[in-house]
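Spelled out, the chains give:
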Amino acid sequence: TKQERTRKELRHATGNILLQMEGPWPDQFSPGDKLALRAELKRPGSFNSPGSFDYGQYLARQDIWITGFIRSPFFIKKISENSSFFHKLRFYPEKIRVTIGREIDKRVSSKTIGLYRAILIGDRSGVSETVLEQFKTSGVMHILAISGIHMSVIGALLFGLFYRILSLSETLLLKYNVKKTAANMLEL
């Protein structure tokens with residue numbers, strides 16, 4: 001039967017999936033939420049012309065093996081599940097970023113929203129090609145990019161915060177390498 005054939009075609013896979021959806025992301029979902037969704041999945045293909053860009057290989061280098069398309073926000077449901085403290089902590093910076101983006105959308109005029117979002121949270125999707133070209137030509141494109149130096153500063157601040165908090169406990173100082181533990185917390 002058709003169901004048996006489909007079951008035979010299913011294979012277990014691990015890795016990342018690149019999902020796309022037309023339109024804006026629904027506001028009721030935030031970073032770190034566990035979601036169940038319905039999407040059309042496929043393996044990324046490439047044109048087999050010699051010298052052409054190999055999109056499948058590009059995604060594979062990022063550990064993305066499957067791409068998908070969500071047809072409607074109605075195909076996304078939040079799974080109500082209590083997550084751990086570390087899970088919440090891991091997605092906290094991204095939640096702040098989303099909150100800042102929503103505030104920008106409310107308070108800034110429609111002409112400059114894209115520029116504000118690009119400079120403050122690194123979201124260049126609303127910046128027109130003309131403005132991007134002007135930034136490139138003038139040599140200040142780096143203003144619109146969140147670079148490694150920005151991430152290094154954030155990482156150093158978080159390491160200092162974690163180290164300071166862990167150092168408050170005499171028990172932790174005596175039993176564990178607090179610097180190493182603080183550094184490992186950054187990887188969560």
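Please read all numbers here as calculations on a predicted model, not as lab measurements.

## Some words on the packing of aromatic side chains
Working definition: an aromatic ring pair is given by the centre-to-centre distance plus the angle between the planes.
Next up, step 1: Counted according to the given criterion, the structure contains six aromatic pairs.
Next up, step 2: On the numbers, 6.1 Å between centres and 10° between planes, the contact of Phe159 with Tyr163 is stacked. Here Tyr163 and Phe159 lie together in helix H6 (residues 148-167), a separation of four residues that amounts to about one turn.
Next up, step 3: Three or more aromatic residues link up through ring pairs in this structure, and these residues are Phe53, Tyr55 and Tyr58.
Next up, step 4: One Lys or Arg, Arg38, reaches over the ring of Phe75 and ends 5.0 Å from the middle of that ring.

## What about the pattern of salt bridges?
Next up, step 1: For the structure on display, the rule yields nine salt bridges.
Next up, step 2: Between Arg97 and Glu94 there is a salt bridge whose closest N-O contact spans 2.9 Å. Residue Arg97 and its partner Glu94 are both found in helix H3 (residues 85-107); the two are separated by three residues, about one turn of the helix.
Next up, step 3: Overall, the relative accessible area of 31% leaves Glu94 in the partly exposed class.
Next up, step 4: Among the salt bridges present, the one from Glu103 reaches Lys106, with a minimum N-O distance of 3.3 Å. Of this pair, Glu103 and Lys106 both sit in helix H3, three residues apart, roughly one helical turn.
Next up, step 5: Take Glu103: its relative accessible area is 26%, and that puts it in the partly exposed class.
Next up, step 6: Its relative accessible area of 64% is what places Lys106 among the exposed residues.
Next up, step 7: When salt bridges with common partners are traced through the structure, they connect Glu103, Lys106 and Arg107 into a single cluster.

## Details of unusual backbone geometry
Next up, step 1: Phi at Asp63 takes a positive value of approximately 60°, unusual for a residue other than glycine.
Next up, step 2: Along the chain, Asp63 falls in the loop between helix H2 (55-60) and strand S4 (64-70).
Next up, step 3: Using a relative accessible area of 36% as the deciding quantity, one classes Asp63 as partly exposed.

## Here we look at the pairing of S4
Next up, step 1: Both strand S1 (residues 16-21) and S4 contribute to a ladder of six bridges, which runs parallel. When the sheet's bridge partners are listed, Gln20 is paired in S4 with Phe69.
Next up, step 2: Where strand S3 (residues 40-42) lies against S4, three bridges are found, and the strand directions are antiparallel. Bridged to Lys42 within S4 is Thr67.

Parameters and conventions
Residues numbered from 1 in each chain as written. Predicted model: local features only at pLDDT ≥ 70, side-chain atom pairs only at ≥ 80, totals over all residues. Heavy atoms only, no water. Phe/Tyr/Trp six-rings, centres within 6.5 Å; stacked < 30°, edge-to-face > 60°. Helix = DSSP H or I, 4+ residues; strand = E, 2+ residues; numbered from the N terminus. Lys NZ or Arg CZ within 6 Å of the ring centre and 35° of its normal. Salt bridge = Lys/Arg side-chain N within 4 Å of Asp/Glu carboxyl O. Buried < 20%, exposed > 50% of the residue type's maximum accessible area, 1.4 Å probe, protein only. Pairing = 2+ DSSP bridges.

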